[in-house]
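Summary of the model geometry
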Amino acid sequence: FNEDINNDATINLSGNTFEATGTIELGSDANLDMKDGDYVVNSTYGHVDVRPTTSEGSVVNFENVNFAFNKLSKTYGPSTNRLGSVVEVCASVADAHTEIVFKNCTFDNAQIIFEGMSDKTGSFNATFENCTFNALTSSAPIYVQNYVEGTIKVIGCTFNLECTSSTASAISVSSSSSTAVTVTAENNVFNAVAATPYTFDETKGETEEYNVKVNGTPANIKFISIGGTTSTATETNTTKTGIAA
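This structure is a prediction, so every number in the text was calculated from the model and none was measured. (Residues numbered from 1 in each chain as written. Predicted model: local features only at pLDDT ≥ 70, side-chain atom pairs only at ≥ 80, totals over all residues. Heavy atoms only, no water.)

1. Points about the overall build of the protein chain
- For the protein chain, the helix and strand inventory stands at zero helices and 22 strands.
- In the protein chain, which comprises 245 residues, the proportion classed as buried is 43%.
- Partitioning the intrachain contacts of the protein chain with sequence separation of at least 6 by distance along the chain shows that 78% fall at a separation of at least 24.
- With the model as given, the accessible surface of the protein chain reaches about 10900 Å², and the carbon-plus-sulfur share is 42%. (Helix = DSSP H or I, 4+ residues; strand = E, 2+ residues; numbered from the N terminus. Buried < 20%, exposed > 50% of the residue type's maximum accessible area, 1.4 Å probe, protein only. Contact = heavy atoms within 4.5 Å. Areas by Shrake-Rupley, 256 points an atom, 1.4 Å probe, with all protein chains shown as cover.)

2. Some thoughts on the pattern of salt bridges
- One pass over the structure, following the stated rule, counts two salt bridges.
- Between Glu235 and Lys240 there is a salt bridge, and its shortest N-O distance comes to 3.4 Å.
- Accessibility expressed as a relative area gives 36% for Glu235, which makes it partly exposed. (Salt bridge = Lys/Arg side-chain N within 4 Å of Asp/Glu carboxyl O.)

3. Considering the confidence of the model for the protein chain
- For the protein chain, the mean per-residue pLDDT works out to 87, and 84% of the residues sit at or above 70.
- Across residues 73-79 the pLDDT falls below 50, and counting only partners more than four positions away or on other chains, this stretch makes 17 contacts in the model. (pLDDT = per-residue confidence, 0-100.)

4. Focus on the sheet that holds strand S20 (residues 222-226)
- Pairing is parallel in the open sheet, where eight strands are placed in the order S1-S4-S6-S8-S11-S14-S17-S20. Looking along the sheet, the strands with just one partner apiece sit at the ends: strand S1 (3-5) and S20. Each neighbouring strand pair of the sheet contributes to a mean axis angle of 15°, computed without reference to strand direction.
- Bridging between strand S6 (residues 48-51) and strand S8 (residues 84-91) involves three bridges; their strand directions are parallel. Residue pairing in the sheet places Asp49 in a bridge with Glu88 of S8. (Pairing = 2+ DSSP bridges. Axes fitted to C-alpha atoms, helices over the stretch in contact; angles between N-to-C directions.)

5. Things to note about the side chain of Ser231
- If you trace the backbone, Ser231 turns up in the loop between S20 and strand S21 (232-236).
- Using a relative accessible area of 5% as the deciding quantity, one classes Ser231 as buried.
- Reaching out from Ser231, the side chain makes a polar contact with the backbone oxygen of Thr179 at a distance of 3.4 Å.
- Polar side-chain contacts of Ser231 include one of 2.9 Å to the backbone nitrogen of Val181.
- Not counting chain neighbours up to four residues away, the residues in contact with Ser231 comprise Val173, Thr179, Ala180, Val181 and Ile226. (Polar contact = N/O pair within 3.5 Å; in protein donor to acceptor, adjacent residues only side chain to side chain.)

6. What about the state of the cysteines?
- Using the criterion set out here, one finds zero disulfides in the structure.
- With no disulfide partner, Cys105 has as its closest neighbouring cysteine sulfur the one in Cys131, 4.8 Å distant.
- Judged by its relative accessible area of 1%, Cys105 falls in the buried class. (Disulfide = S-S within 2.5 Å.)

Put into structure tokens, the structure is as follows:
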């Protein structure tokens, strides 16, 4: 299903698991609070889509929510290096703004995306506090694309990344001149290791080309990856282990 939310909403998962098979679209400057349970995406389109319509925008809070992307099939084996988005913040009108907070949340192979649309640059302020990210990845769990401005604060979080590529990072910000984001990272832990090659199982219909391949040990894995000159990062008191750069 796909669900449109155009009024303020509170979703108390009450310790239960919500399996998303369609997009929840938050629009019309609606605010959202979601707390205390599991949010599992089993489909490409199972994310929470935040699309405010004015500069006043939406305020979104996630607390004690365990996010997971769990698209497993015969073409995506259990060790696929594909992250799935569980929350997407997208400015579809000029100057649309989002305030979003993730507190005490976990993300298993799950990605949060911030983006805008051409000629409709939006803005956001995002805070991640005491969150844990577990991912087999060649990308980044926190990913900023184009046509957006804002801030990201990452405080007291832990990143456990099993990396399949030298381009992987925990936080990635586009180098495009249409993107201007300030990242502040304080007191985080970044654990990075090389991914273990996955042996596909023909009896399950899995095919090798869709599964992880690791040739040697990935190098230069970054905690924060920012290209260009329009975005900046300040990093203090990060504990790094494994092959973290």
